[in-house]
Amino acid sequence: MNNLEFLEFPKIARLSREIIITEKIDGTNAQLLITESGEIFIGSRTRWITPLNDNHGFARWAEGNKQELLKLGVGRHFGEWWGGGIQRGYGLQKDDKRFSLFNISRWALHGTEPKKIPTADPRIEKYQDMLPEICSLVPELYRGQFDTQKINEILEFLKINGSYASKGFMNPEGIVVFHTAANMGFKKTIEKDELPKSIYTSKTKV
């Protein structure tokens, strides 16, 4: 008995806490890992990639913009690589592809004023970091207390008004609801939300 590992039941986050709703962009998942020594490892959702074994040109773009991307700093940086020729395309030209990071609380868009980040200790002031000019963020659509009605309203608003990521594109995919207390994201799509993406994607291809 003494040799058995004890597993503590995880704490349960309170549902009535802050959520952040962003537009879910239909591209391909991408990540950058920047090391202390200044190396950049480039990845898709499932594997490391290179310009010779690429994923929609993301590795080639990242290699060509290494010095700018190093400004992101040490760590892992996740985002969506999207645009012309990738999934919905968003009405963009084939050579117009963009890298939009997911962590909108940490980053300020290049040329904007960084916002103050709330901390547990009010005596500590912390501000957003500035993104390199070649990077963008997924659009923030709502920030406030968890509210199912508000989530549905935002989804309907997106459906009627089109994509915020690419103005004028009227076929957006949906939203991501990030629950800050649970540190977890949930996606909700405008169409076929009840089905796994793998099912309706395969049906579309047939």
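Report on the accompanying structure. Bear in mind that the values here come from a model prediction, so they are computed numbers and not experimental data.

## Remarks on the pairing of strand β13 (residues 184-189)
Pairing geometry for strand β12 (residues 174-179) and β13, over six bridges, is antiparallel. The residue bridging V177 from the neighbouring strand is F186, located in β13. Count of turn residues in the β12/β13 antiparallel hairpin: four residues, of which N183 carries a positive phi of about 55 degrees.

## As for the environment of E133
With respect to the helices and strands, E133 occurs in the loop between β9 (129-130) and β10 (135-137). In contact with E133, not counting residues within four places along its chain, are E68 and H110.

## A word on the sheet that holds β12
The strand order β11-β1-β12-β13 describes an open sheet built from four strands, whose pairing is antiparallel. The open sheet is flanked by β11 (140-145) and β13, the only strands paired with a single partner. Put simply, the sheet's adjacent strands are angled 20 degrees from each other on average, direction ignored. Across five bridges, the pairing between strand β1 (residues 18-24) and β11 is antiparallel. Along β11, the bridge assignment pairs I21 with Y142. In the packing of helix α3 (residues 148-161) onto the sheet, contacts are made with β1, β11, β12 and β13, and the angle to β12 comes to roughly 150 degrees.

## Some details on the pairing of strand β3 (residues 40-43)
The pairing of strand β2 (residues 28-34) with β3 spans four bridges and is classified as antiparallel. Of the residues in β3, the one forming a bridge with L33 is F41. Once β2 ends, the chain turns through five residues before running back antiparallel as β3, passing G38 with a positive phi of about 90 degrees.

## Notes on the packing of aromatic side chains
Applying the stated criterion to the full structure yields nine aromatic pairs. Here the aromatic rings of F58 and W61 are separated by 5.8 Å at their centres, their planes lie at 25 degrees, and the arrangement is stacked. Here F58 pairs with W61, and both are found in helix α1 (residues 58-64), just three residues apart, close to one helical turn. Taking the relative accessible area as the measure of exposure, F58 reaches 1% and is therefore buried.

## Here we look at the sheet that holds β3
Spatially, the five strands line up as an open sheet ordered β3-β2-β4-β5-β10, and their pairing is mixed. Only two strands of the sheet have a single neighbouring strand rather than two, namely β3 and β10. Averaged over all adjacent pairs, the angle separating strand axes in this sheet is 35 degrees, with direction ignored. Bridging between β2 and strand β4 (residues 75-83) involves seven bridges; their strand directions are antiparallel.

What counts, and at which threshold
- Residues numbered from 1 in each chain as written.
- Predicted model: local features only at pLDDT ≥ 70, side-chain atom pairs only at ≥ 80, totals over all residues.
- Heavy atoms only, no water.
- Pairing = 2+ DSSP bridges.
- Helix = DSSP H or I, 4+ residues; strand = E, 2+ residues; numbered from the N terminus.
- Contact = heavy atoms within 4.5 Å.
- Axes fitted to C-alpha atoms, helices over the stretch in contact; angles between N-to-C directions.
- Phe/Tyr/Trp six-rings, centres within 6.5 Å; stacked < 30°, edge-to-face > 60°.
- Buried < 20%, exposed > 50% of the residue type's maximum accessible area, 1.4 Å probe, protein only.

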